[in-house]
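Inside the fold
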Amino acid sequence: MNIINTIIIGILILLIIIVFKDLFYEDRIKKINKLIPGPPTIPVFGNLLQINSKDFPKSVNDLYEKYGQVLRLRLGNVEAVVLTGGEVLDECFNKKHREIFKERYLKLSRYLGKNLNFISSNGDNHYVIRGVLASEVTVRKLNNGRIQSNKFILEMLNNLCKDNDETVVKDVPFEVKKLASKIVLNFTLGIEENEENLLLIISRVSSVFKAAGLLLYSDYLPILFPLDLKSMAKGDLISSYFFLRDYFEKKLESIKINENINNEDKTTKNNPLIEDYYKKYLEGSIHHDSIILPILDIILAGVDTTSNTICFIMARLINNPEMQDKIYEEIMRNDVDNNSNNVSFSDHLKYPYIVSIMNETYRYYAMISITEPNMTTEDVVVNGYKIAKGTAIIKNLRGTHLSKEFWGDDALEFKPERFKTQTLNQKGLFHFGAGPRGCPGGRYTESMFFTFMVIFFKNFKIVNPNDTPVDDVGEVGLAMQCKPYNAIFVKRN
Ligand code: HEM
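Each chain has its residues counted from 1, following the order in which its sequence is written. Under the rules for a predicted model, residues below a pLDDT of 70 receive no local features and side-chain atom pairs below 80 are neither given nor counted, while totals for whole chains, interfaces and linings still include all residues. Only hydrogens and water are removed before side-chain values are computed, so all heavy atoms of the structure are retained for them.

What about the coordination of the iron atom of the ligand?
The donor set comprises N, O and S atoms within 2.8 Å of the metal, extended to 3.2 Å for Na, K and Ca; water molecules are omitted, so apparent gaps in a site may simply reflect that omission. A lone protein donor contacts the iron atom of the ligand, and this donor is C439 (SG), found at 2.3 Å. Only DSSP runs of H or I with at least four residues qualify as helices, and only runs of E with at least two residues qualify as strands; both kinds are numbered from the N terminus onward. Tracing the backbone through its elements, the reader meets C439 in the loop between α17 (404–407) and α18 (442–459).

Here it is, written out as structure tokens:
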């Protein structure tokens, strides 16, 4: 009994010390950041309990609306600042302070990639990994069909519709995910999986992406780990990640990478990306785990984002057939030689309407609502507020894309014509994040998205089989998740 009493008293004393420390002691970061506007904090938890763990992006955005473009949050024992709006994001990530915001701050519970994958590594390792991907998705290579999206898109349409004039396609998002997986598996590993394995991969990728969008309390206060167990188990985050890692590791063994790749002419060959990582490993520039872990990140990051983007715009176009007609007219104007199925990414300059639809899709559906944090490596003044070195920075991309403050009163309407010039990478759009840790898959996405739009809408109209409009609101995940819907693909003559 005495021992139990002593333990209880010990715990109570410890708690009192922690609360008092939090109330009366300020470390350097807290001293500097406390002048930044933000909601009041409570001891130990800070603002953690004011965040809805199931919709972290919405909580963050509600707070931006109350406290402004530079907003301080204390999440457990982590000092964080949320940045919203093109000007502050540009200032920090693209222009003045680029270097200070370069490091990724990856939280404990998602530290699965051993600091050797794409998303969590910093420094030289990251530089090499990123360089390999960047050199395979140059505009020139994409114009020359580097990711072979045309082939896979046509194959999907032929398989689904055969010779039928009208085909009811069940669960369009699932078909598009299959397409995105095939393209990215071919690009990274040079493999084509059978239907059964594809299903496995897609469901595991979706699990990781859905679960990774939830707030994990222990990322900010490790003692709260038990609170996360339920949501992690429900979302299968850890088991799905390890499943995929093991699956691709086995593929690495069976691929038996050609040891002579050093001597091959890379300018003419579309070798799978894994060969490039393997080559870097042989040269000694990356660790052995950095052959497969970046590939896993690329597959994870590439499948869910691109497929959900396409599914959301398809849903929107089903509900707005007049937009489909405008797309078709534009394709017909360009298709004098009837060769649109050979469309190349370079053709996008001739398709201003499709490009404006793509831009508005990126803006309106804001696929990645908030980013994994970056960490400041020096003190820095942003928009008049000093942010301390060591602060976790969260980019509020959804708020940046959908706030009336930046886009005017019609911010919540889908209006492709709001873009006056028809180029990709419009000012104010941050769908691929920003700066040195911005998305390295941007051009890959644009190339696939553009070719899909031209090939699909040249050959088909997409029609709602039901009376109620298709739901294009989606669910929160690391990327917004489009809900399943059916559609009729009607062949154009
Ligand atoms: C619609 C499609 C996509 C969207 C909206 C998207 C968006 C993003 C965003 C917002 C980030 C975080 C950037 C930041 O912190 O500033 C990111 C990171 C990343 N994306 Fe994408 N992405 C897409 C497609 C792709 C594709 C196709 C690939 C691969 C081929 C890819 C690979 C990655 C990787 C590896 C990272 C981590 C980069 C790092 O930490 O340095 N993404 N993406």
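Some remarks on the side chain of Q324
With respect to the element layout, Q324 can be found in helix α14 (residues 321–334). Polar contact is defined as a pair of N or O atoms within 3.5 Å, subject to the rule that within protein one atom must be able to donate a hydrogen and the other to accept it, and that residues adjacent in sequence are counted only when both atoms are side-chain atoms. At a separation of 2.8 Å, a polar atom in the side chain of Q324 contacts the main-chain carbonyl oxygen of I462. By definition in these notes, contact holds between two residues if any of their heavy atoms fall within 4.5 Å. In this structure, Q324 is in contact with L317, I318, F457, K461, I462 and R492, ignoring residues within four places of it in sequence.

A short note on the UniProt feature "transmembrane region" (unreviewed entry) in the protein chain
UniProt positions are given in the numbering used here, feature names are shortened, and annotations may be inferred rather than shown by experiment. Under the present numbering, the feature "transmembrane region" (unreviewed entry) in UniProt falls on residues 6–24. Taken end to end, residues 6–24 is 100% helix and 0% strand, and its first and last C-alpha atoms sit 26 Å apart.

Remarks on the pairing of strand β2 (residues 78–83)
Residue burial is assigned from relative accessible area. The probe radius is 1.4 Å, only protein chains are included, and a residue is buried under 20% of its type maximum, exposed over 50%, and partly exposed in between. Of all six residues in β2, six are buried, a share of seventy percent or more. Side-chain alternation along β2 places V78, A80 and V82 on one buried face and E79, V81 and L83 on a second face that is also buried. In this scheme, strands are said to pair when DSSP sees at least two bridges between them. In this structure, strand β1 (residues 70–75) lies alongside β2, joined through six bridges in antiparallel fashion. Directly across from R74, in β2, lies its bridge partner E79. The hairpin formed by β1 and β2 contains two residues between the paired strands, and G76 there has a positive phi angle of roughly 60°.

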